[in-house]
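Single-letter residue listing:
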Amino acid sequence: MTTMTVTSRATALARQVLQALLDEATLTPKPGLVDLRSRGAHLDLNWALMCHSACVLQPVFEAMAGAGEHSENDGLLRQRIGTIGRLGESVMMAATGGVNTHRGAIWALGLLVTAAAQQGARGASLAPAAVAARAGALARLTDHGAPQDTGNKGELACRQYHVGGARGQARAGFPHVLDAGLPALRASRARGDSEITARLNSLLAIVATLDDTCVLSRGGAAALTALQAGAATVLAAGGAGTRAGTRALLALEADVLALNVSPGGAADLLAATLFLDSLEEGEQDGKA
């Protein structure tokens, strides 16, 4: 990989996070999620607001990456990025008028960009599994500055339905990114699908197996089961790029809107998937 200064590496990583968030927001059509066509199941969100939020958060991710480059002590680093993340939430809320656009993304991609910066500073691998494992190790450390009870809907859903949620996903090293999102993305590309189709199939692969607390908090277990089954049906029909798959995707969207739910957790993990994919592509280009 081309040698970077500390500042330029953090800046580059933050730009890759921003691109992943913009790509996720722009991907169309996404069932129940904001995209170029509609608000999905969200009355308070739209595509422009999602993009504005992502841009406002770029310096937050750069600060996390910078912290990862400089720190030799994981415990102190965990406290530092926790503080930055909470500041980032305040920045997001101020920019969106109090709308939660990217709280889950700040958590997931914040850990991943910190881990990528650590790996890069140490000359270690930026392969998805390596970066996700490093992020998982950070996530398992205690953030002493974190509130005991945030009252967030996702946290309440974790308690009610006994699922791990975003915290569990991170602490496990992002298994739905490594085992569902990335394999589906790359398999779709390998068979000649367009990049949009590959990303849609990646999202659907995550949706099909994720206990998404965004869905649970709005629709309960029945809605989650319906959403997972619908995503699996699209993939079984050949994915979003086939005629049968397109019909199944449109049917899934109608069902999701009728249930008034949105797979926001899966959307965050798709952005994480795209970020890790871009890291590995950059590492391979640097070695070429």
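Scroll up to find the structure.
The written sequence of each chain sets the order in which its residues are numbered from 1. Local features in this predicted model are restricted to residues whose pLDDT is 70 or higher, and side-chain atom pairs enter the listing and the counts only when it is 80 or higher, whereas totals over whole chains, interfaces and linings include all residues. As a convention, hydrogens and water are excluded, and side-chain values are obtained from all of the structure's heavy atoms.

A. Examining the overall build of the chain more closely. Scanning the chain from N- to C-terminus turns up twelve helices and zero strands. The reference for a compact globule is 2.2 Å times residues^0.38; the radius of gyration itself is calculated from the C-alpha atoms. A compact globule built from 288 residues should have a C-alpha radius of gyration of about 19 Å, and the chain, at 18 Å, falls within 12% of that. Summarising its shape, the C-alpha atoms of the chain cover approximately 50 × 45 × 35 Å along the three principal directions. Taking contacts inside the chain between residues at least 6 apart in sequence as the whole, the part at least 24 apart equals 70%. Working definition of accessibility: Shrake-Rupley area with a 1.4 Å probe, residue cover restricted to the visible protein chains. Carbon and sulfur atoms make up 56% of the accessible area of the chain, which amounts to about 12,200 Å² in all. When charges are tallied, Lys and Arg are placed among the positive residues and Asp and Glu among the negative ones, while His and the ends of the chain are skipped. Here the site of a charge means NZ on Lys, CZ on Arg, CG on Asp, or CD on Glu. Distance from the positive charge centre (24 side chains) to the negative charge centre (25 side chains) of the chain: 1 Å. By definition, any uninterrupted DSSP run of H or I lasting at least four residues is a helix, any uninterrupted run of E lasting at least two residues is a strand, and each is numbered from the N terminus. Whether two residues are in contact is decided by their heavy atoms, any of which lying within 4.5 Å being enough.

B. Looking closely at the nonpolar core. Only buried Ala, Val, Leu, Ile, Met, Phe, Trp, Tyr and Cys residues count toward a nonpolar core, and they belong to the same one when joined by side-chain atoms within 4.5 Å. Each residue is assigned to one of three classes by its accessible area relative to the maximum for its type, calculated with a 1.4 Å probe on protein chains only: buried under 20%, partly exposed between the two thresholds, exposed over 50%. In terms of nonpolar packing, the biggest core is built from 79 residues, with Phe-61, Leu-109, Leu-112, Phe-174 and Phe-275 touching the most fellow members. Of all the elements, helix α4 (residues 103–121) adds the most residues to this core, at eleven residues. The contact partners of Leu-112, leaving out residues within four places of it in the chain, are Val-131, Ala-132, Ala-135, Phe-174, Ala-272, Phe-275 and Leu-276. Grouped together as the second largest cluster of nonpolar side chains are six residues, Ala-25, Leu-45, Leu-49 and Val-99 included.

C. Focus on helix α2 (residues 47–70). The end-to-end C-alpha distance of α2, which contains 24 residues, comes to 35 Å, matching closely the 34 Å that a straight helix rising 1.5 Å per residue would cover. Bending is quantified residue by residue as the angle between axes fitted to the seven-residue window ending at that residue and the seven-residue window starting at it. For α2, the principal kink sits at Leu-57 and spans about 35°; a proline, Pro-59, occurs within the next four residues. Near the N-terminus of α2, the side chain that reaches the backbone nitrogen of Ala-48, with its oxygen 3.2 Å away, is that of Asn-46. Under the convention used throughout, the expected extent of a helix is 1.5 Å for every residue step, that is, one less than its residue count. Whenever a nitrogen or oxygen atom comes within 3.5 Å of another N or O atom, the pair is scored as a polar contact, on the condition that within protein one atom can donate a hydrogen and the other can accept it, and that pairs from neighbouring residues in sequence are kept only if both atoms are in side chains.

D. Broad picture of the packing of α2 against α4. The N-to-C vectors of α2 and α4 enclose an angle of 40°; their axes lie 7 Å apart at closest approach. In this view, α2 runs oblique relative to α4, as classed from their interaxial angle. The two elements α2 and α4 meet at a crossing, and its hand is right-handed. Here Leu-57, Phe-61, Met-64, Ala-65, Gly-68 and Glu-69 of α2 lie close against α4, whose contacting residues are Ala-105, Ile-106, Leu-109, Gly-110, Val-113, Thr-114, Ala-117, Gln-118 and Ala-121. Polar here means any residue outside two lists: the nonpolar Ala, Val, Leu, Ile, Met, Phe, Trp, Tyr, Cys and Pro, and the charged Asp, Glu, Lys and Arg; Gly therefore counts as polar. Residues belonging to the contact of α2 with α4 are distributed by class as follows: ten nonpolar, four polar and one charged. Inter-axis angles, ranging from 0 to 180 degrees, are taken between N-to-C directions of lines fitted to C-alpha atoms, where helices are fitted over the stretch in contact. Geometric relationships in this document are graded by angle, where less than 35 degrees denotes roughly parallel, more than 145 denotes roughly antiparallel, 65 to 115 denotes roughly perpendicular, and other angles denote oblique. Crossings are sorted by hand: turned counterclockwise from the far helix by less than a right angle, the near helix makes the crossing left-handed, and turned clockwise it makes it right-handed.

E. Broad picture of unusual backbone geometry. In this structure, the amide linkage connecting Thr-28 to the following residue, Pro-29, adopts the cis form with an omega of 0°. By the secondary structure assignment, Pro-29 is in the loop between α1 (6–26) and α2. The residue Asn-260 is not glycine, and still its phi comes out positive at about 60°. The class for Asn-260 is partly exposed, based on a relative accessible area of 42%.

F. Just helix α5 (residues 128–139), in detail. In this model α5 runs 16 Å from its N-terminal to its C-terminal C-alpha over twelve residues, within 8% of the 16 Å that 1.5 Å per residue would give. Along α5, the positions that sit buried rather than exposed are Pro-128, Val-131, Ala-132, Arg-134, Ala-135, Gly-136, Leu-138 and Ala-139.

G. Highlighting the packing of aromatic side chains. Two aromatic rings from Phe, Tyr or Trp, using only the six-membered ring of Trp, form a pair when their centres are within 6.5 Å; if the ring planes differ by under 30 degrees the pair is stacked, by over 60 it is edge-to-face, and anything between is tilted. This model, assessed by the stated rule, comprises zero aromatic pairs. Here, over-ring charges are defined by two tests on the NZ atom of lysine or the CZ atom of arginine: distance to the ring centre within 6 Å, and angle to the ring normal within 35 degrees. Note that Arg-167 overlies the ring of Trp-107, its terminal NZ or CZ placed 5.3 Å from the centroid.

H. Just the environment of Leu-235, in detail. Positionally, Leu-235 belongs in helix α10 (residues 213–236). The spatial distance from the C-alpha of Leu-235 to the C-alpha of Leu-204 is 7.2 Å, given a sequence separation of 31 residues. Ignoring any residue separated from it by four or fewer positions in sequence, one finds Leu-235 in contact with Asn-201, Leu-204 and Ala-205.

I. Structural view of the side chain of Thr-96. Within the element layout of this structure, Thr-96 appears in helix α3 (residues 74–96). Residues in contact with Thr-96, not counting those within four places in the same chain, are Leu-49, Ser-53 and Thr-101.

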